[in-house]
Amino acid sequence: MKKNVLLLETIAEEAYHLLDGQVNLFTGYDDTSLNKVLEKHTIHAIITRGKGQINKALLEACPDLLVAARCGVGLDNVDIQEATIRNIKVIHAPASNAATIAEHTLALMLMLMRDLYQSIAEVKNNNWNWRNQYTGDELHGKTLGIVGMGNIGQRVAKLGDAFGMQVLYSSRTSKDVPYPQVSLDSLLQQADVVSLHVPYTAETGVLIGAPQLALMKSNTLLINTARGALIDHNALILALDTGIIAGFAADVLPEEPPQQDAPIVKHPRVLITPHSGSLTATTFQQMCVSTVKNVLAVLEGKGPDKKSIYNFNALQAQS
């Protein structure tokens with residue numbers, strides 16, 4: 001008997017093909033369609049990406065659920081604790097976006113440091129003479145401070161090193177990397193570019209607020225491709241307005257999508273991309289395909305890749 005799989009968001013076409021014919025597939029892209037599916041069908045697996053919430057209410061509505069999966073790395077939108085209590089395996093795609101997020105981080109650094117966005121816009125507006133007032137700089141010789149030296153942080157460090165940057169990092173634990181580890185305060189005082197690569201948890205909370213911004217040099221650029229809530233954006237806007245720091249670029253915001261005319265988006269010294277760092281064709285396909293393969297393995301009573309299983313209880317059960 002085929003299992004029933006619920007999609008809360010669209011996934012890559014190649015991943016759809018893996019599911020086609022193997023399971024009964026249902027979609028719940030909004031509350032109306034979701035409720036209709038839950039009223040009529042028993043759900044054995046739920047797959048989401050970054051927006052669809054696998055929360056306690058949804059888990060309670062699916063008493064026969066075997067697996068909750070996210071085609072991505074972070075699990076902010078999955079109630080891991082509740083799933084673990086119910087012995088539901090939580091599947092994700094760890095480290096799958098390290099290369100693409102590192103590239104995106106460097107792209108934001110380059111655009112901000114070299115003022116590329118404005119340069120391109122001026123040429124498109126037939127203002128070639130804008131070059132006479134160009135004030136951009138270069139990454140070479142600058143100090144790159146990486147907050148969080150995990151998979152992504154290490155890739156960013158290597159790229160920064162290749163650009164001739166002096167790399168240092170701050171992390172809760174020491175890493176086997178050829179870069180000096182310093183305290184967060186020391187990093188903020190020294191770095192010309194600060195790049196965040198840590199998860200947002202109850203333990204981390206807001207990592208960069210007014211006190212931390214005050215430690216930075218006036219030429220510092222702050223980059224965030226991790227989680228928007230790591231930064232106090234009211235304090236950030238004030239720091240940008242008063243020249244405490246020089247610029248900000250991010251692929252993540254505390255509220256997504258942002259409110260129309262949000263000050264942080266409109267600010268002249270800010271570059272924001274729409275949480276698209278992992279949406280490259282290559283990475284998007286890989287994340288979706290690997291996640292779906294592991295979901296099918298669970299539904300078929302086989303062992304998924306243990307690296308893809310998040311919650312401890314489920315991992316123990318699979319061992």
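Computed from a predicted model, the values in this text were never measured in an experiment. (Residues numbered from 1 in each chain as written. Predicted model: local features only at pLDDT ≥ 70, side-chain atom pairs only at ≥ 80, totals over all residues. Heavy atoms only, no water.)

S.K.: I'd like a rundown of the nonpolar core, residues and numbers included.
M.R.: Ranked by internal contacts, the top residues of the largest apolar core, which has 27 residues, are Ile208, Leu213, Leu222, Leu236 and Phe248. Listed by contribution, the elements that provide at least two residues to this core are helix H8 (184-190), strand E8 (193-196), helix H10 (233-241) and strand E10 (247-250). The biggest single contributor to this core is H10, with five residues. Here Leu213 is in contact with Ile208, Leu222, Ala235, Leu236, Ala239, Ile244 and Ile245, once residues within four sequence places are set aside. (Core = buried A, V, L, I, M, F, W, Y, C linked by side-chain atoms within 4.5 Å. Buried < 20%, exposed > 50% of the residue type's maximum accessible area, 1.4 Å probe, protein only. Helix = DSSP H or I, 4+ residues; strand = E, 2+ residues; numbered from the N terminus. Contact = heavy atoms within 4.5 Å.)

S.K.: Describe the sheet that holds E8, with residues and values.
M.R.: Here six strands make up an open sheet; going across it, the order is E7-E6-E8-E9-E10-E11 and the pairing parallel. If you trace the sheet from one side to the other, it starts and ends with strand E7 (166-170) and strand E11 (270-272), each paired once. Within this sheet the neighbouring strands show an average axis-to-axis angle of 15°, counted without direction. Note: strand E9 (residues 221-224) against E10, four bridges, orientation parallel. By the bridge assignment for E10, Ile223 is matched with Ala249. The strands touched by helix H7 (residues 151-162) are strand E6 (143-147) and E7; relative to E6, the strand with the most contacts, the crossing angle is about 175°. Most of the contacts of H10 go to E10, to which it runs at about 140°, and overall it touches E9, E10 and E11. (Pairing = 2+ DSSP bridges. Axes fitted to C-alpha atoms, helices over the stretch in contact; angles between N-to-C directions.)

S.K.: Go over the side chain of Thr105, please, and point to the residues and values.
M.R.: Locating Thr105 in the fold gives a position in helix H5 (residues 98-113). For Thr105, a relative accessible area of 0% corresponds to the buried category. A distance of 2.8 Å separates a polar atom in the side chain of Thr105 from the backbone oxygen of Ile101. (Polar contact = N/O pair within 3.5 Å; in protein donor to acceptor, adjacent residues only side chain to side chain.)

S.K.: Please set out H10 residue by residue, giving values where relevant.
M.R.: Those residues of H10 not exposed but buried are His233, Ala235, Leu236, Ile237, Ala239 and Leu240. Buried positions along H10 lie against helix H9 (210-215), E9, E10, helix H11 (263-266) and E11. Regarding H10, its N-cap is Asp232, as a side-chain oxygen of that residue lies 3.1 Å from the backbone nitrogen of Asn234 further along. Of the residues flanking the end of H10, it is Gly243, one or two places downstream, whose phi is positive at about 80°.

S.K.: Pulling in residues and values, what's your account of the pattern of salt bridges?
M.R.: A side chain with one charge can pair with a side chain of the opposite charge if their charged atoms come near. If you walk through the whole model with that rule in mind, you get seven salt bridges. Residue Asp192 is joined to Lys217 by a salt bridge in which the shortest nitrogen-to-oxygen separation is 2.8 Å. Residue Asp192 is found in the loop between H8 and E8, and its partner Lys217 is found in the loop between H9 and E9; the two are separated by 25 residues along the sequence. Lys217 gets classed as partly exposed once you look at its relative accessible area, which sits at 29%. Of the charged contacts, one joins Lys302 and Glu300 as a salt bridge, the two residues approaching to 3.4 Å between their closest N and O atoms. (Salt bridge = Lys/Arg side-chain N within 4 Å of Asp/Glu carboxyl O.)

S.K.: Residues and numbers for the side chain of Arg49, please.
M.R.: Inspection of the secondary structure puts Arg49 in the loop between strand E3 (45-48) and helix H3 (56-60). No salt bridge is formed by the buried Arg49. Its closest oppositely charged neighbour is Glu9, at 4.5 Å. For Arg49, the side chain forms a polar contact with the side chain of Thr10, separated by 3.0 Å. Sequence-distant contacts of Arg49, that is, excluding residues within four places in its chain, are made with Glu9, Thr10, Arg70, Cys71, Asn77, Leu279 and Phe284. (Lys, Arg positive; Asp, Glu negative; His and termini not counted.)

Structural measurements only, silent on function.
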